[in-house]
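Okay, here's what each chain looks like letter by letter:
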Amino acid sequence: MRPVTGNNLPKTIRKVSIQQPLDGHSFSLPELREPLGEGEVAEVEMLMPRTMLAPAAMCDPADPERARAWFAACGMPLRDDECLVASDPADGIVALIAARRDVVSLLRETWGGALRFTTPLLHEPPQRETCVWIHRTAGMTWVKVYDKELQFAEVLSSDDDTELLYLLERLGGQFPLRDY
């Protein structure tokens, strides 16, 4: 059913998922060369183990060196063939993602200003009062802990049950997870 007033044309978002298998980067772009129309966005989900959340104020797009320094300070300095991409700010937070420079160049060449990056670490669960959110995909485990606000966000570059149980045991020492 259409609204009675206004022009509410839906924005089209083309989604691409990029993940890093053992032998390099892998992604499928069936419509890569097809140009985007007016108002369309190409959203690329980066499934990379070297991903973190940071305050948006610390990652001003006008000062990319500050974001690189923030990333390196958290123990993840960029390699020579990598660049740092950032998601759009959401609730004062951006995701910083280390990705291969040649892949990012290809994406920017193709979609330019319509390109947006995202990651599972930006997912917001519907109930955030006391919540542990875990998502496993592409050989990685994405973990977020909320206690009214975000308290912890991390990517494990493994989907091994033993490592996940160890992490949850350690988190249980910091947060009352039995109440979540």
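Okay, so let's go over this structure. (Residues numbered from 1 in each chain as written. Predicted model: local features only at pLDDT ≥ 70, side-chain atom pairs only at ≥ 80, totals over all residues. Heavy atoms only, no water.)

As for the sheet that holds strand S4 (residues 51–55)
One open sheet holds the three strands; their spatial order is S4-S6-S5, and the pairing between them is antiparallel. Both outer strands of the open sheet, S4 and strand S5 (82–86), are each paired with one neighbouring strand and no more. The mean angle between the axes of side-by-side strands here comes to 30°, regardless of whether they run parallel or antiparallel. Here helix H1 (residues 64–73) sits on the sheet in contact with S4, S5 and strand S6 (93–100), set at roughly 120° to S4. Helix H2 (residues 101–111) contacts S5 and S6 of the sheet and is inclined by roughly 110° relative to S6. (Pairing = 2+ DSSP bridges. Helix = DSSP H or I, 4+ residues; strand = E, 2+ residues; numbered from the N terminus. Axes fitted to C-alpha atoms, helices over the stretch in contact; angles between N-to-C directions. Contact = heavy atoms within 4.5 Å.)

Details of the environment of Val 94
With respect to the helices, strands and loops of the structure, Val 94 is situated in strand S6. By relative accessible area, which is 3% here, Val 94 ends up buried. Val 94 sits 36 residues away from Met 58 along the chain, and the two C-alpha atoms are 9.2 Å apart. Those residues in contact with Val 94 that lie beyond four places of it in its chain are Met 52, Leu 53, Ala 54, Pro 55, Ala 56, Cys 59, Ser 87, Asp 88 and Pro 89. (Buried < 20%, exposed > 50% of the residue type's maximum accessible area, 1.4 Å probe, protein only.)

Examining unusual backbone geometry
Even without being glycine, Asp 91 reaches a positive phi, approximately 55°. Tracing the chain through its elements places Asp 91 in the loop between S5 and S6. For Ala 138, which is not a glycine, the phi torsion comes out positive at approximately 55°. Note that Ala 138 resides in the loop between strand S8 (130–137) and strand S9 (140–147).

Details of H2
Where H2 is concerned, the buried positions are Val 103, Val 104, Leu 107 and Trp 111. Here the buried residues of H2 occupy an arc of 95° about the axis, which is enough to place them on one side. Directly beyond the C-terminal end of H2, a positive phi value near 50° is found at Gly 112. (Arc of directions from axis to C-beta.)

Re the layout of surface pockets
Computed from the structure, the largest pocket encloses a volume of approximately 400 Å³. If you trace the largest pocket, you find 19 residues lining it, with Cys 59, Pro 61, Val 85, Ala 86 and Ser 87 closest to the centre. Only H1, S5, S6 and strand S7 (115–118) provide two or more residues apiece to the lining of the largest pocket. Partitioned by chemical class, the residues of the lining of the largest pocket number 13 nonpolar, one polar and five charged. The space that makes up the second largest pocket amounts to roughly 200 Å³. (1 Å grid on protein atoms, 1.4 Å probe; cavity = no way out; pocket = protein on both sides within 12 Å on 5 of 7 lines; lining within 4 Å. Points joined across faces, edges and corners; volume = space filled by probe spheres on them. Nonpolar A, V, L, I, M, F, W, Y, C, P; charged D, E, K, R; others polar.)

So, the nonpolar core
Note on soluble globular proteins: their nonpolar side chains tend to be buried together. Ranked by size, the top nonpolar core spans 25 residues in total, and within it Val 44, Met 46, Leu 107, Phe 117 and Trp 142 carry the most contacts. Breaking this core down by element, the ones donating at least two residues are strand S3 (41–47), S5, S6, H2, S7, S8 and S9. With residues near it in sequence (within four places) discarded, Phe 117 still touches Val 44, Met 46, Val 85, Ala 86, Ser 87, Asp 88, Val 104, Leu 107 and Arg 108. Cys 59, Ala 67, Leu 78 and Leu 96 belong to the second-largest nonpolar core, a separate cluster that totals 11 residues. (Core = buried A, V, L, I, M, F, W, Y, C linked by side-chain atoms within 4.5 Å.)

Some details on the sheet that holds strand S10 (residues 149–156)
Sheet architecture is open: three strands sit in the order S8-S9-S10, paired in antiparallel fashion. Looking along the sheet, the strands with just one partner apiece sit at the ends: S8 and S10. Across the sheet, the mean angle separating the axes of adjacent strands is 10° when strand polarity is ignored. As defined by bridge partners, S9 adjoins S10 across seven bridges and the pair is classed as antiparallel.

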